[in-house]
Amino acid sequence: METRFRSVFLDGSWQRPDSNELITVRSPATEEEVGFAPRCSLTDVDRAVDSTSRAFGARDGWSRWEPERRADVLDRLADVLGRRAGRIARLISSENGMPVSLSAPVEGAGPPRLLRYYAELIRKTEPEECRPALTGSGSTIVRREPAGVVAAVVPWNYPATLTMFKLAPALAAGCTVVLKPAPETVLDACVLAEAVAEAGLPDGVVNVVPGDGHVGAHLVAHPGVDKVSFTGSTTTGRAIARVCGGLLRPATLELGGRSAAIVLDDADLATAIPGLIGTALVNSGQTCFANTRILAPRGRYAEVLEAVTAATGDLVLGEPLDRATQIGPLVSRRQRDRVESFIESGLATGARLTTGGRRPAGFGRGWYLEPAVFGDVVPGSALAREEIFGPVLTVQPYADVSEAVALADDSDYGLAGTVWTADPQRGLDVARRVHTGTFGVNGYSLDHGAPFGGVKSSGLGRELGPEGLDAYLRLKSIYR
Ligand code: NAD
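Just so it is clear, the structure is predicted and the values come from calculations on it, not from any experiment.

How each quantity is defined
- Residues numbered from 1 in each chain as written.
- Predicted model: local features only at pLDDT ≥ 70, side-chain atom pairs only at ≥ 80, totals over all residues.
- Heavy atoms only, no water.
- Salt bridge = Lys/Arg side-chain N within 4 Å of Asp/Glu carboxyl O.
- Helix = DSSP H or I, 4+ residues; strand = E, 2+ residues; numbered from the N terminus.
- Buried < 20%, exposed > 50% of the residue type's maximum accessible area, 1.4 Å probe, protein only.
- Phe/Tyr/Trp six-rings, centres within 6.5 Å; stacked < 30°, edge-to-face > 60°.
- Pairing = 2+ DSSP bridges.
- Contact = heavy atoms within 4.5 Å.
- Axes fitted to C-alpha atoms, helices over the stretch in contact; angles between N-to-C directions.
- Near = heavy atom within 4 Å.
- Polar contact = N/O pair within 3.5 Å; in protein donor to acceptor, adjacent residues only side chain to side chain.
- Nonpolar A, V, L, I, M, F, W, Y, C, P; charged D, E, K, R; others polar.
- Domains from an automatic or database assignment.
- Lys, Arg positive; Asp, Glu negative; His and termini not counted.
- Buried area = accessible area lost by both parts, 1.4 Å probe.

**Structural notes on the pattern of salt bridges**
Next up, step 1: Applying the stated criterion to the full structure yields 29 salt bridges.
Next up, step 2: The salt bridge involving D44 is made with R47; its shortest N-O contact spans 2.9 Å. Pair noted here: D44 and R47 are both in helix α1 (residues 42-57), with a separation of 3 residues, about one helical turn.
Next up, step 3: D44 sits in the buried class, given a relative accessible area of 0%.

Structure (C-alpha cells):
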C-alpha cells in the first residue's frame, strides 16, 4: 500500500498542493518513517472548500441525488474499504501504535459497517412528512434537507472510525465533506481518498486536506462551510465553539473524557476485572471513553486495588503489529511526556503507585510506557480528575452507592462510565443516576446504532444511530 503521497486529493483527482512542505509520519514503535503526505496550505483549503461547495450545489450535485442513488455509492465505498480493511488496520497501527488486535476489528472492519448502516438508513428515511396544521386550516410539509458543506476535523486515536462517524451520515444525508485528518494519521486519510476515487464518488464530494491545527482553524471558519463536525480535545473544541458561535454555524463537538468505572459491593472480581481493564486501557488508555477512574466500595477497596494491579501488570506490552500485543506504545514522545508528568504529579501528592509507570526494559526505541495503577489518590488532584489520555488507572474508595455516583459525577467531563455488579438491575439503577452521555452495565460496547456523545466538557451533540444522521439534516416547514 502506498504511504508516500506528494499530491492532495482535491476535486476528484490527485493534484499538486500549493505548498512543498510534507508531514512525515513516524512509527511510535520504531521511530522510523512510515510515510508522508503534503502539508496543505490555506490556499489548498480554499480550493477544497470551493470544490466541495460545487459538488454540493451543482445542478446534478450530490445533494440533489435521490437517496437510493447515494446509498448505492456508499455501499460501493464500503466494498472498496472492506477489501482493504486488513492493510488499513496495519497502516493505522504503524501510524499511531494501536495494537493490531484492536485496529483490525475497529479501524479495519468498522468503517464499511458504518457506511452500510447509513446507506440503509437513508433508504428508509422519508425526506418529507405532511402534517395537518395545528393552527388554521391546511397542512404543512416538513422537509429534511442536507445541511450543506461539512468541515470534518478528526484526531489520531481512532482515525478511520472517527472519520466514518462523520463521513457516512454526512454523505448519506446529501452533504459534501472536507476532511482534515490529524498530522499523526494523515496516511490512512489519503488511503481513504484513494478508496473514494475507486468507488466512483462524484468529484469534490469528499476532499482531504492533510495539515495541522492552522489548517483546521482556517477550515472551520471558512465562509463556504455550513456545518462543523469535530472530534478532539476539549481545549480545541472550545476554540472551535467560539468561532462557530460567532458565525452561528452548527457544530457537533466530541471532546475529552475521564470516565469512572463503579465496582459495586456484589461484583465478582474474577469476571469483572478483565472487562473493566479492557475498557480502561483500550488503545493504551488513549480512548475518549476510557474508564480510568475506578471506584471501589470501601470494604473491598484493598481487594479491588490488588486485582486491578495484578491484571494490569499481566498485560502484554509489545509491538503494535504483533497479534499478541495488548498495550502498544503511546502515539508520540510528546504524549508519553504528558502522561509521565501526570505520574510525577500523582507521586508528588503522595498517591501510591502499585504497578508500572516506567519505561519498560528491553525496548531501545519507541514511546512505550508500562501501564500504571495508583491507589491512595488525593481527591481533587490532577491525577484524580484530569484527562490523562494514557495507560494510568486510579482506584478510589467510596462509602455507599450515592457517594460512588457523586464521585463519578465529580468531573468536568461526562462522556462515558460503567458499573460492575452481579445484579444487572442494580447496575441499571446506577446507570440511570450518573450524569453522562453513555454508560455500560458490566461492559462498555459502543453501539453504532445508538447516539454517542458527551455532556459538560465532553461536548455538544450526538453522533451515530439515526440521531447521527439528523446532525447533517436541517428542517424546513412549507405551509400550505
Ligand atoms: P486535538 O484537539 O489536539 O486535535 C484534534 C484535531 O483538531 C486534529 O486534526 C488537529 O490538527 C485539529 N486542530 C487543532 N487545533 C485546531 C483548531 N484551532 N481548529 C481546528 N482544528 C484544530 O486532539 P488530539 O490530541 O488529536 O486528540 C485527543 C483528544 O481527542 C482527547 O482529548 C480525546 O478525549 C478526544 N477524543 C474525543 C472523542 C469523542 O468522541 N468524544 C473521541 C476520540 C478522541
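**Describing the packing of aromatic side chains**
Next up, step 1: The full count for this structure, using the stated rule, is 8 aromatic pairs.
Next up, step 2: Ring centres of F5 and W14 lie 5.6 Å apart, and the angle between their planes is 25°; on these two criteria the pair is classed as stacked.
Next up, step 3: The interplanar angle of 35° and the centroid separation of 4.1 Å between the aromatic rings of F363 and Y368 together place this pair among those described as tilted.
Next up, step 4: Taking relative accessible area as the criterion, Y368 reaches 1% and is therefore assigned buried.
Next up, step 5: Taken together, the ring pairs in this structure connect F5, F9 and W14 into an aromatic cluster.

**Comments concerning the sheet that holds strand β7 (residues 149-153)**
Next up, step 1: Read from one edge to the other, the open sheet built from 6 strands follows the order β9-β8-β7-β10-β11-β21, with strand pairing classed as mixed. Looking at strand neighbours, the two that pair on one side only are β9 (206-208) and β21 (459-460), the edges of this open sheet.
Next up, step 2: Sheet topology places β7 next to strand β10 (residues 227-231); 4 bridges connect them, and they run parallel. Its bridge partner lying in β10, V150 is registered against K227.
Next up, step 3: Contacts from helix α9 (residues 234-247) reach β10 and β11 (251-254) within the one sheet, and its direction differs from that of β10 by about 170°.

**Re the site of the ligand**
Next up, step 1: As a matter of local geometry, the ligand sits amid 28 residues, with V154, K180, S233, L255 and E387 nearest to it.
Next up, step 2: T236 is positioned with one of its side-chain polar atoms (N or O) 2.8 Å from an oxygen atom of the ligand.
Next up, step 3: Between the ligand and L255 there is a distance of 2.7 Å, counted from a nitrogen atom to a backbone nitrogen or oxygen.
Next up, step 4: Elements with a minimum of two residues in the shell around the ligand: α8 (213-221), β10 and α9.
Next up, step 5: Here the residues of the shell around the ligand sort into 16 nonpolar, 8 polar and 4 charged.
Next up, step 6: Counting the residues that make up the shell around the ligand, at least three belong to each of domain 1 (3-255 + 458-479) and domain 2 (260-448).

**Things to note about the side chain of R293**
Next up, step 1: Mapped onto the elements of the fold, R293 is located in strand β13 (residues 293-297).
Next up, step 2: Buried within the structure, R293 lacks any salt-bridge partner; D410 is the closest side chain of opposite charge, at an N-O distance of 6.0 Å.
Next up, step 3: Engagement of the side chain of R293 in a polar contact is seen with the backbone oxygen of L407, the distance being 2.9 Å.
Next up, step 4: The residues contacting R293, other than those within four sequence positions of it, are R258, S259, A260, A261, A384, T394, L407, A408, D410 and S411.

**Here's the deal with the domain arrangement of the protein chain**
Next up, step 1: Taken domain by domain, the protein chain consists of domain 1 (3-255 + 458-479) and domain 2 (260-448).
Next up, step 2: Centre-to-centre separation of domain 1 and domain 2, based on C-alpha positions: 31 Å.
Next up, step 3: Contacts between the two partners involve 31 residues from domain 1 and, on the opposite side, 31 residues from domain 2.
Next up, step 4: Where domain 1 abuts domain 2, roughly 2500 Å² becomes buried across the two surfaces, and 57% of that area is made up of carbon and sulfur atoms.
Next up, step 5: On the domain 1 side of the interface with domain 2, the three residues burying the most area are A29, W156 and S458, jointly 21% of the side's total.
Next up, step 6: In this structure, the connection of domain 1 to domain 2 is made through 1 salt bridge.
Next up, step 7: R365 is the partner of E32 in a salt bridge, and the nearest nitrogen-oxygen pair spans 2.9 Å.

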